Each structure stands twice: as C-alpha cells, then as structure tokens.
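# Overview (structure and organization)
For reference, the chains in residue letters:
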Amino acid sequence: MWRLALRTLKFRRTSFVATFLAMFLGAAIVIGCGGLMETGVRMAADPQRLGGAPVVVTGEQTYDSSALTERHRIDPALVGKVAGADGVREAVADVSFPATVLHNGKPVTGKSGSYGHGWASASLTPYTLAAGGSPAAGGEAVLDAELARRAGAHPGSTVEIVVQGTTRRFRVSGIAEQRGDHNPDAAVFFTDDEARTLAGGRIDSIGVLPAPGARVAAVADAVRSAVGDRAEVLTGERRGLAELPGTLSSRRTVVILAAVFGSSVVLIVMFGVASTLGLSLQQRVREMALLRAVGSTPKQLRRMILSETAVLSVASVLLALLPGYAIGRLLFGVLTASGVVSSAITYHAGRIPMAVGALVTVLAAAGATRFAGRRAARTEPVAALAEAEAATRWFSVPRLLLALFFLVNGIGLAIATATVMDDGPTLASTAGPASVLFCVGLALLAPGLTKALVALLRLPVRAFSGLSGQLALRNAATANVRMAGAVAPIVLLVGIATGTLYMQSTEDHVSRSSYDRNILADYVLDSTTGGFAPDVVDRVRTTSGVAAASELVTSRGFVDRPDGPADVDLRGVSAAGVRQSLDLPTVAGSLDRLRGDTVALSDRKARAYGVTVGDRLPMHLGDGTAVRPTVVALYADNPKQEYLTLPAASLAPHTGDGLPHQILVRAETGAATAVHGRLAALAARVPGTELDDSSSLAGRNNQIQQILVSANYTIVAMIVGYAAITVVNTLVSVTRKRRAEFGLQRLTGATRAQVLGMLTVEGVLIAVIATVLGTIASATTIVPYSYVKSGSYLPSGSIGIYLAIVGGSLVLVFGATLLPSWRGMRSPAVDTVKAA
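Quick look at the structure, then. Nothing here was measured: the structure is a model prediction, and the numbers come from that model.

### So, the overall build of the protein chain
On a plain count of helices and strands, the protein chain comes out with 27 helices and 25 strands. Here the protein chain, with 836 residues, has 53% of them falling under the buried criterion. Only carbon and sulfur atoms are counted for the fraction: they give 58% of the accessible area of the protein chain, which is about 34600 Å².

Right under this line is the structure:
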C-alpha cells in the first residue's frame, strides 16, 4: 500500500503540491506562534551588567501572582544575610538610577540611557579601570570608556552630570572598560555611599560571587534560605530580569497574544489543510471508483489515502521547522521593535512548539483523511459513470453539527463582547475569534449557501453577461460543491482581514480621540535625562502667559478587593494645575485637595470599589508598596480613560526613575504662540528637555491597549497570506482539473474568448458570494467591538480598507483561474481532451 501511495503521489503532483503547501505553511505558522508562546511563558533574559554574578538577588516582581510594572527594591540589610550564606565569597549591593553626562550642554547616553551605580558593583559586569583610579570621595565619578570618549572626558577632567533632575559637576577619577561580550547601558560609577543616597537609600539587587569550588545551584539554595520570602533569587538566563524591572508585566501580553492568534491560526490551518486535502480527494472520485472496480476494498483505499497523507505530513513538518523558527523570530522582532517586550528578552523556540506544529498539521491531515477519505473510499464502481452526480453530494449530519458548533460559538463570543461591556485590553480576545469561528461555520455550509446565492444572482448575471454568463450559471448549478471549494478560503480571507483590521482601526480612533478630549493642556515638556526636579514645574508656572502647569506621571498598580487585586492605571498630577490641564469634571470633593496621601477616581470606579469621599482606598503601587490613600474627589467617568489619579509627588518615587517625566502646560487665552517661544527658551536651559504639542501624548497613551498594533497587523498579514495561498492552491487545482472540460467546449464550437468569459463570470460569482459571506462573518467581530468602544455599530476607519480587501480577493480569484486557463488553452483542444 505504501508503494501504491508513493506512485500516486508521483503521478498527481499538482493536487499533492497544493496539499503539501497548505501543510507546510500551516505548520510553519503554528510553530512560529508556539515559539512566541514559549518565549512569553519562560520570559528570560541574559544578564548584561550583572553578567559576572552567577547568582542575583532582587526584589519579588509579582504581587498576588500579578506582575509589577515598576522595580520592587529590597532592604539593604539583606546584603549581610546573603554574605553569610554558605558558599558565598562576596555579596555586592547594586543600585541603578538615571545619571546623564552632558557634553556642551547636550545629553550623552547609551542605547537605552545612562545610569549611575556604586563602584563596588563594577565587579559584577565586570568593569576594570583602564585609566585613573576609583572614586574615593563624593563629587568623583568613573565613566565607562565609550561614554568618556563621547563626552571628551579623561581622568582629572570635570564633567556635568544630571542626577535626580539636577545638574551637578563631578571630577572624573577614572575610566573603566568592561570585560566579556556583555552590552550594558552607559554607566557612571560613584562612591557606594553617594550612589546609595542618590538612589533613595534602598538597593535594587545583590550580586552573589560564590566561593572557589562552590556549586552555583548549592549557593543559590543557601541564599534562598537566607533571604526567605523577602526577595527572589535568580540564576542562569533569568538573571537578566533583575536588570529589567517591569518586564514580567509584558509576559501576560505576549502569552495572550500568542494564545489568541495561535488558536485562530491553528483553527484556520486545520481548516485549510482539511479543505485542500478534501478537494484533492473529491477530484479523484473516478480514480477511486476504478480502483474499486478492479477489486480494491474500502479499507485498502483508506490505507492508501492515509499513507499518502502520512508522507505529505512528515515531509511538510520536517521542512517547516526552520521556516517556523524564522517566523517566530519575526513575530518576536515586531514585539520588541514596538516596545511590547524588551529586546533583551531571549527568544525561545524549543521542542514543544515544534511538536505542537507537527501535531496540529498531522491532526488536520488525519481529520481530513477521516472524513473526506472515508467517502472517497466508499465510492462505488458505478460512480465512474456518474462522477458529476457524486460531485454534488455534500450534506451530512456530522458536517451540519460541526458547522452549527462553530456558528453558535462565533455568535456567543459576539454576544459576550457586546454584553460584558469590558473596555479593557482583553476585549479583543473575545471579539477577534468570533469572526474566525463564524467564517469556519459558513465555510462548512458553503455548498448550500453557494447554491442559494447563485439562484439569487441568476437574473442579473443573465442580464449582463450573455452566453458566457449562461455557461457559468450552468456550471455553478451542476458543480456547486466545486465552486464552494473555491468560495470557502476566500470567506476566511475576507472575514478575518475585515474583522481584524477594522477592529484595530476602531481601537486607534477611539483611543486617540478620547485622549485628545481628556487633555486640556496646550503643550507638554518631556525629560530625556531621568525626570524633572521639583523646581522645574514652579519655573514653568511663573512663565509669562502660562495659565497652569501640572506634572504628569503614569504607572500601573492594584486596588485591593476581597475577591483579589484589580489592576488599574495610575496617573500622578499636580493639584495646582490639574483642573486646567485635564478634563476631570468633579462630581464630589475637590481636586485641589489632591496632595500627600490622597487619591481621586471616577464615580463609577468608586461604586465598584465601595468607597466615597473621605474613605481610605487600600491599594498597592507599581513597585508593590502598600498604601491607603484618602479619597478626596470623584469625577465623571470616562470609559476610555479609567485612571486613578494621585499626587505626582506621591506616585513618582514608586516609579523606575523616581521623578515626573512630563509637565503639562496650559496657556492663557490668546497667548499660545508667545508661550511656545518662552517654553522653548526654558527647555533649552534645562538639559534633556523637549517641547512638544500636547497632542503628541495621544501616541503614547494607553500602552496596554495600543501595544499590540504592530504585532496585530503582522500576524493578520500571516493569516491572510496563508488564506490567500490556500485560495490560489484551490483555484489553480480546480482550474487544471477542468482542462478537459474547456477542451470539449472548444471542440463543440466555443471560442477561447467565450471560455475565458465564462471563467470571468464564475470568478465574479465566487468573489461576490465569498465577499457577502465574509462580510457577514466579520460583522460578528466589528459590530459588537465598535458598539462597546464607541457606542456605534459601524466601525471607524476608511472604506479603503474594505475595498482593498475585496480588490485583493478579486485579483487572487482571477489570477488563479484565468492565467492557468489561458496557458492551458494554448494547446490544441483535442490534445487537452486526450490528456485528461
């Protein structure tokens, strides 16, 4: 049977190449999504500046299983406990804070900034002195070699360094060079005491250097026993997470992204493989009947089909391993480029995603063989004389039940999207898959739906297309299953592309417009040197023509509730300027009281948390610090901007840099132009300050919801590309199978132009039917999503998106039908019929 299967593959190369491509590309895409999932689950990063420490102790970066977005610093007293653990030669405290060297008044930084550290931690990279000496007293600093070169500094020279928003002068005591292949950020080293003071008194991490002969695993266990639950002990590639505070918060984003799109891809791939293989088997009805006629049993035919599928599956999976890895790297590159995860995170694609990709491909092929192959194997010998009739039978109870399953689940997800009214980042996880499921359900019912829609289009087709249209209608009526095989993948293409792209355009429009309405300020000052000192906002307020100024700090934290912590966006502002800078219509209390240990929130969130003005709100900030601020104001709810508002002076110390990075400025009426010039002059006097229009904040707003834009488009492009290839495979395979039909038409008097005209009408019918069904399917995503986001049933976005999708589908249809047909008709009609 294996021998017969291999011979069959040899002589039916066209149909099997189409099946092989579907399996190969499907396996590659699934493997890529699997690699993304494994990367998110493992979330590891090779250490850079701490590369010389085999064991690293750092603050626990989770709170009640939720990832913190800011660095959780640890108690300096832990250094002594770690140093006393068995097998520890030395425990080195490490701190990190923005420290920007100025050259001619301009910041000199590395790829991700410039940071200050204590000199003792230089051994953790390790850095060694290349010139001069270590800092011995306050006011001295050691620069890394690249930073010193760019700043024109040398031992004994004086440089200006911005620390804590203030420019200070330091004497360069030495120049340090790193050993090894690490690539840390630009580093400035101070005395340990001065570095600890500048960092606020706490430490970030402890680098552990084992004693000679001590095993790293044993030392790590001893350190864990010493620190208990007061810190986390990292080894291996996870040590790099100590240098990337807040990185674990992106794990959820990556995992959700990989899960949502991965599940959609798996479903589409399984359908694509099954439909392509099913179409190949449908085209072999005569062959199966002849094999039955010469004595083959249904069991033998099923074994032959299974053997053919096994050969294709194994070959496609083996060849898809490397492309799948490359696709995963591409997706991960898009995530790092768009800021979803740090570029320092290590991409992982091990055996598990490879095995999942292989399993999905094999299961898809096995499922297609089970259903399509079973019918083909049962073909009676007399079917060789009634092939046309056999090709019209498609309905079965299992097919109907499976279609209803997908349709009901698609509608269920659409209803869930519309009724839950969750405007959070997980909204897309219910809206997106709805159109995918509905598309698959419609595709399973495509033969019946195609027949019904062809009947509706019969009159206009006859009226506008003449003889070619009549031939096309005749073919559609007698070969509706064949036409449905071409319609189904286009339904997937149109439905998924339309639903996803309009969902994203709606998200973009709503997010930007709601943020623009919320910001009343005219200008924003941005700091690129670690944040603004407290006196800068006062200097802005005293600038002539400025009506109000407010610091702005953003973070994420948790409100403690009986059923568990609820993560929330946090915004720090200045009470003196918040009412003029942000649109927060107060309904109770006063924003002027937003000072010290206080908080303001929307009236809807207040009801959800069960608090009102005067109550304490138990919560944890982004670095895990527990606070109980007093509620001093409630403002009208804005579903698109659901922040808790705190004083900037209270929130900023619990963020990575400890200072506000933005200042919102509102100009007096009619003074905007003059204020712009004065603010530009002020920005020039504060190193690292940039002045921009306040609308620029919209592009940075709400990163949790906007963070997936690039990745979204990339993955949709892959899905649509796979669907497009499936369309081409299907149409080319069907067209090549019909060469004998075209030859007979030409022998009976039809011209090439009439045959091509018939195919053109058929292509239009396929495109129209698929577009109608795909648009209906996409509505299950875009209608509820748009309603929740904007209150409108219509999505935001240009009609050009839809026209581009439909136009692309037409190009695929006509390109995959007319071109092969035109090439086939270059041969004499008699030869074409004889070759069939």
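After that view, the rundown keeps rolling.
### A look at the pattern of salt bridges
For side chains of opposite charge, pairing can occur when their charged atoms come near one another. Following the criterion strictly, the structure yields 19 salt bridges and no others. A salt bridge links Arg42 to Glu237; its shortest N-O distance comes to 3.1 Å. Of this pair, Arg42 sits in helix α2 (residues 13-42) while Glu237 sits in the loop between β14 (232-235) and α7 (249-282), placing them 195 residues apart in sequence. The class of Glu237 is partly exposed, set by a relative accessible area of 23%. The salt bridge involving Arg89 is made with Glu90; its shortest N-O contact spans 4.0 Å. Here the salt bridges share partners, and the residues they tie into one network are Glu38, Arg42 and Glu237.

### A short note on the packing of helix α14 (residues 446-478) against helix α25 (residues 752-790)
Where α14 contacts α25, the axes come no closer than 10 Å and their chain directions differ by 150°. When the interaxial angle is binned, α14 and α25 end up roughly antiparallel. In this structure, α14 meets α25 at a crossing whose hand is right-handed. Looking at the contact of α14 with α25, its residues break down into 15 nonpolar, seven polar and one charged.

### A word on the packing of helix α24 (residues 739-747) against α25
It is the contact of α24 with α25, at a shortest axis distance of 9 Å, that shows an interaxial angle of 135°. One way to sum up the angle between α24 and α25 is to call them oblique. For α24 against α25, the interelement crossing comes out right-handed. Counting all contacts with α24, which are made through Glu741, Phe742, Gln745 and Arg746, the residues of α25 involved are Arg752, Val755, Met758 and Leu759. Counted by class, the contact of α24 with α25 contains four nonpolar, one polar and three charged residues.

Each value, and the rule that gives it
- Residues numbered from 1 in each chain as written.
- Predicted model: local features only at pLDDT ≥ 70, side-chain atom pairs only at ≥ 80, totals over all residues.
- Heavy atoms only, no water.
- Helix = DSSP H or I, 4+ residues; strand = E, 2+ residues; numbered from the N terminus.
- Buried < 20%, exposed > 50% of the residue type's maximum accessible area, 1.4 Å probe, protein only.
- Areas by Shrake-Rupley, 256 points an atom, 1.4 Å probe, with all protein chains shown as cover.
- Salt bridge = Lys/Arg side-chain N within 4 Å of Asp/Glu carboxyl O.
- Axes fitted to C-alpha atoms, helices over the stretch in contact; angles between N-to-C directions.
- Parallel < 35°, antiparallel > 145°, perpendicular 65-115°, else oblique.
- Left-handed = near helix turned anticlockwise from the far one by under 90°.
- Nonpolar A, V, L, I, M, F, W, Y, C, P; charged D, E, K, R; others polar.
- Contact = heavy atoms within 4.5 Å.

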